[in-house]
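# Descriptive analysis of the structure
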Amino acid sequence: MPLPEPDPTLCRALAADLDAAGYRTDALRDAWGTAADGVLGRGHALPARRRLSGEPGALAVVARLFGLGDPVTVAEASATFTASGVDGLVRLGLARRDGDTVCALALIRPQAFADAAGEGEWWIASDLDEAALGGPLPADHVLGVGRASLTLAGLALPDPVDRVLDLGCGCGIQALWARRAAASVVATDVSQRALRFTRLNALLNDVDGIDTRCGDLFAPVAGERFDRVVSNPPFVITPRDGDVPEYEYRDGGRTGDGLVAEVIAGAAGHLTPGGTAVLLGNWESRDGIAGLDRVRAWVDATGLDAWVLEREVLDPVAYAELWIRDGGTVPGTPAYDRLLGAWLGDFAARGVAEIGFGYVLLRRPVSGAPTLARYERVMQPLADRALGEHLGRCLAAHDRLVTLDDAGLAASRLVVAGDVTEARHHLPGAASPSVIELHQGGGFGRVIPVDPALAALVGSCDGDLALGALIAAVAELMEVDAASLRAELLPRVRDLLLVGVLTFA
Ligand SMILES: C[S@@+](CC[C@H](N)C(=O)[O-])C[C@H]1O[C@@H](n2cnc3c(N)ncnc32)[C@H](O)[C@@H]1O
């Protein structure tokens, strides 16, 4: 069913109804229960349905209709949507009337946000999900806010900028987020349906300044530059033959990981000096070349600074399983085996041994050659931390470090970050530790093995004395040559500053 162009007056009326019903994340979680809330994200609506069944009141009606995509009676809807009316919901393309019943044609879920500018909630409309449809998704499905959406939003750099590009905007969640720290946002998508959802969500949440444009990747912004590009692109690697469904929301129609390579190259052509891009992506390890090395080659051709973090690695079978199941096809069926065969054939044709998933941070140098090229695996689980602020501080530390030669660094006064603790592991009965680690509480939660000299140095960084004096003191204490210790420790200190374990006083 096509989504009509959203009417601003009806959107305002619907927002008033949702507000009057108290349709907010906490209220909704209370209404359908914390346990149901948890499993809903994995596609199981039954516990929430049971909890809401027969519940009176506007919140329960909205939750059933737009939280779950379940039908409600015309009487219930009329009493709840007093400003927009059942007719208004129909004209917005969000519901249809079937006799005495109102059936949802889209989901609308509250989404809480918090950033440096404050906190609040949006209502985000998107297509009915698998749980609501009770079957596989159509190819033009527009995703709601998922884990990847929140991951990318959490990576957003906090400093305000003028212009942002959200490439592949879907329901518009990144554009809404970006607009909080930008004067204007251009949101692009190849899907007209996605762009209508983005416009609908902007109107529903009374957010202006989002310019929506249709087209393939960077085509709608040819010749334009942005201070920031954010993209959760359709990076899922999909076989191009074998009659595999092509879902717009996850597949950009390229072979292998070519789409991510294109997005990286395209970002380079659209960033202002000092402009940054933050992307999610998949990359293949092929023919003995590690995925991160292939990403490095793509970035090297652009002249951009880069910090690339690989967060997960899957073998071809696990990757194919993940995305076949995401499309609603279950194991043990002929369709599943056919799709698995197509995926494995596609990976074999390019010699793919594994597929990495991760985050790409790019920056156009203000002038000159790039100075940052960090490619690493950071696999530890993160408790949904907002990493953007941390990355912003890391970039600032990098920029300061490139201005400091070793003498300048040795003259600096440093402080251990407040979230760092030290763990010492002893063999049973041993007086000295065999392993010393620094544990970062925030950021990427790094665990960094250090030797006794570096542990002593880090422990003494309280901002009072210059680093060089501290290294000399540690050398004296440990009865080692001060110059050799300094040569050994300065590169390690640079790294600890870059990842936020140490900071400049
Ligand atoms: C994974 S979704 C991301 C949606 C949203 N930005 C988010 O973070 O939740 C990818 C989006 O890219 C869009 N897309 C697919 N192919 C594209 C292409 N060739 N050019 C631009 N956008 C494309 C899809 O329609 C979809 O909305």
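Residues numbered from 1 in each chain as written. Predicted model: local features only at pLDDT ≥ 70, side-chain atom pairs only at ≥ 80, totals over all residues. Heavy atoms only, no water.

### Things to note about the sheet that holds strand β14 (residues 413–416)
- In space, the three strands of this open sheet follow the order β18-β14-β19, with antiparallel pairing throughout. For this open sheet the edge positions go to β18 (462–466) and β19 (502–504), each flanked by a neighbour on one side alone. Taking the axes of each pair of neighbouring strands and ignoring which way they run, one obtains an average angle of 35° across the sheet.
- In terms of strand pairing, β14 meets β18 through two bridges, oriented antiparallel. Bridge pairing links V415 to D462 in β18.
- Along the sheet face, helix α19 (residues 467–478) touches β14 and β18 and points at about 80° away from the line of β18. (Pairing = 2+ DSSP bridges. Helix = DSSP H or I, 4+ residues; strand = E, 2+ residues; numbered from the N terminus. Axes fitted to C-alpha atoms, helices over the stretch in contact; angles between N-to-C directions. Contact = heavy atoms within 4.5 Å.)

### A short note on empty space enclosed by the protein
- Counted according to the given criterion, the structure contains two cavities of 30 Å³ or more.
- What the largest cavity holds in volume is close to 50 Å³.
- As for the largest cavity, its lining consists of V244, P245, Y247, R250, W323, I324, G327, T329, L339 and W343.
- For the lining of the largest cavity, the secondary-structure elements that each account for two or more residues are α14 (316–326) and α15 (334–349). (1 Å grid on protein atoms, 1.4 Å probe; cavity = no way out; pocket = protein on both sides within 12 Å on 5 of 7 lines; lining within 4 Å. Points joined across faces, edges and corners; volume = space filled by probe spheres on them.)

### Here's the deal with the pairing of strand β16 (residues 435–440)
- Pairing between strand β15 (residues 420–425) and β16: six bridges, direction antiparallel. Bridge pairing links E422 to L438 in β16.
- As paired strands, β16 and strand β17 (residues 447–450) are joined by four bridges and run antiparallel to one another. Bridge pairing in β17 links H439 to V447.
- The hairpin turn running from β16 into β17, its antiparallel successor, is six residues long, and G443 in that turn takes a positive phi close to 50°.

### Digging into the site of the ligand
- Lining the immediate environment of the ligand, one finds 18 residues, of which S149, G168, D189, D216 and L217 sit closest.
- Within the contact set of the ligand, an oxygen atom lies 2.6 Å away from a side-chain nitrogen or oxygen of D189.
- Here a nitrogen atom of the ligand and a backbone polar atom of V190 are 3.4 Å apart.
- When the ligand is considered free in solution it has 590 Å² of accessible area, and contact with the protein chains removes 95% of it.
- Classifying every residue of the shell around the ligand gives six nonpolar, eight polar and four charged. (Near = heavy atom within 4 Å. Polar contact = N/O pair within 3.5 Å; in protein donor to acceptor, adjacent residues only side chain to side chain. Areas by Shrake-Rupley, 256 points an atom, 1.4 Å probe, with all protein chains shown as cover. Nonpolar A, V, L, I, M, F, W, Y, C, P; charged D, E, K, R; others polar.)

### Considering the domain arrangement of the protein chain
- Assigned domains within the protein chain: domain 1 (8–111), domain 2 (135–379) and domain 3 (400–504).
- Placing the centre of domain 2 and that of domain 3 at their C-alpha centroids yields a distance of 37 Å.
- Contact residues are listed per partner, giving seven residues for domain 2 and six residues for domain 3.
- Carbon and sulfur atoms supply 66% of the area buried between domain 2 and domain 3, which totals about 580 Å² over both sides.
- Three residues, W307, R374 and V378, lead the burial of domain 2 against domain 3; their summed loss comes to 59% of the area buried on that side.
- Across the domain 2-domain 3 interface, the total number found is two salt bridges.
- When the shortest N-O distance is used, the salt bridge between E376 and R446 registers 2.8 Å.
- There are two residue pairs in polar contact (both at pLDDT 80 or more) connecting domain 2 and domain 3.
- Mapped by element, the contributors of at least two residues to the side of domain 2 that touches domain 3 are β11 (305–314) and β13 (373–377). (Domains from an automatic or database assignment. Buried area = accessible area lost by both parts, 1.4 Å probe. Salt bridge = Lys/Arg side-chain N within 4 Å of Asp/Glu carboxyl O.)

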